[in-house]
Amino acid sequence: MENEIFKCDVAVKLEGELACFTRPEFKVERVTYPVMTPSAARGVLEAIFWKPEIRWEVRQIWVLKPIKEFSLLRNEIDSRQSARSKTFFIEDKRQQRTTLFLKDVAYLVLADIRLKSSTKDCKKKYLEQFNRRIENGRCFHQPYLGTRECTASFEKASGNEKPIPDCLTIGNMLFDLAFCPSESCREMEFLQHSDNKAHKRAGYKQALYFTATLDKGVMTVPQSKYEELYGLEGIDVKGIG
């Protein structure tokens, strides 16, 4: 298994007391997937290292500890608070919601770096930057496991990690969100990086899903979904090499 770990550009071990990778089909109560999603893994990698010239592609997610779930009932409010929102009396907005969490989790994320076609530097430059950051424990913000309250610790894989022996059919899992520029469907505005600059675009977002299975503790992410994602977003990337 050690050889498998180092086939990809990076291998990052993540641990946390709690995790919640929310299933989008449940609108009221938060229910977690049993395994980390590719988009959550990408978010962790981008928290450690990100440049507008690169895209992260998650290849595999290893589950290193047995899957344990527990539910928590909490008092929340049904409105967001911000400096722009009107004031309100909290007791009028209070409601109880249940969240299904994962507890005592550990994952190994195997991923590759893809360079955008406009990038002139080689991939080795970015890999070395990433390795320096992870060895020094540096990150742009604290990585988290699904939601910001579930913080994660991270370290470079040692090569001795072993996935759990479990097999599991997960079914439809969120792969990622595609932010698609469009003049005919201007539902939102977002920033898109091209030519190493950020440009404001109008368009819409589209959720992409894949059929997820856990095979002896390893969930493999289909590479074809990244080609679909880049096609929707209109992004050109170079090959793996």
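What you are looking at is a predicted structure, and each value in this text was computed from that prediction instead of being measured.

Draft legend 1. Highlighting the nonpolar core. Formed by 54 residues in total, the largest nonpolar core has its most connected members in Phe21, Met36, Leu45, Trp56, Phe130, Leu145 and Met219. With eight residues, the top contributor of residues to this core is strand E5 (residues 94-115). What tryptophan 56 contacts, discounting residues up to four positions off in sequence, is Val10, Arg42, Leu45, Glu46, Phe49, Ala111, Asp112, Ile113, Phe130 and Tyr226.

Draft legend 2. How the structure looks around the pattern of salt bridges. Taken as a whole, this structure holds 21 salt bridges when the rule is applied. The salt bridge partner of glutamate 149 is arginine 74, with a shortest N-O separation of 2.8 Å. One end of the pair, glutamate 149, is in the loop between helix H4 (123-135) and strand E6 (153-156); the other, arginine 74, is in strand E4 (residues 69-77), with 75 residues separating them in the sequence. On the accessibility criterion, glutamate 149 (47% relative accessible area) is partly exposed. The class of arginine 74 is partly exposed, set by a relative accessible area of 21%. Overlapping salt bridges, with partners in common, bring together Arg30, Arg74, Glu76, Arg97 and Glu149 in one network.

Draft legend 3. The arrangement of the sheet that holds strand E8 (residues 188-194) in detail. Here three strands make up an open sheet; going across it, the order is E7-E9-E8 and the pairing antiparallel. The open sheet has two edge strands, strand E7 (168-181) and E8, and neither has a second partner. On average, each strand axis in the sheet is inclined to that of its neighbour by 50 degrees, with strand direction left out of account. Where E7 meets strand E9 (residues 197-214), 12 bridges bridge the pair, whose relative direction is antiparallel. Residue pairing in the sheet places methionine 173 in a bridge with phenylalanine 210 of E9. Across the sheet, helix H2 (residues 38-48) lies against E7 and E9, angled at about 60 degrees from E7, the strand it touches most. Contacting E7, E8 and E9, helix H5 (residues 224-233) crosses the sheet at an angle of about 25 degrees to E7.

Procedures and definitions
- Residues numbered from 1 in each chain as written.
- Predicted model: local features only at pLDDT ≥ 70, side-chain atom pairs only at ≥ 80, totals over all residues.
- Heavy atoms only, no water.
- Core = buried A, V, L, I, M, F, W, Y, C linked by side-chain atoms within 4.5 Å.
- Buried < 20%, exposed > 50% of the residue type's maximum accessible area, 1.4 Å probe, protein only.
- Helix = DSSP H or I, 4+ residues; strand = E, 2+ residues; numbered from the N terminus.
- Contact = heavy atoms within 4.5 Å.
- Salt bridge = Lys/Arg side-chain N within 4 Å of Asp/Glu carboxyl O.
- Pairing = 2+ DSSP bridges.
- Axes fitted to C-alpha atoms, helices over the stretch in contact; angles between N-to-C directions.

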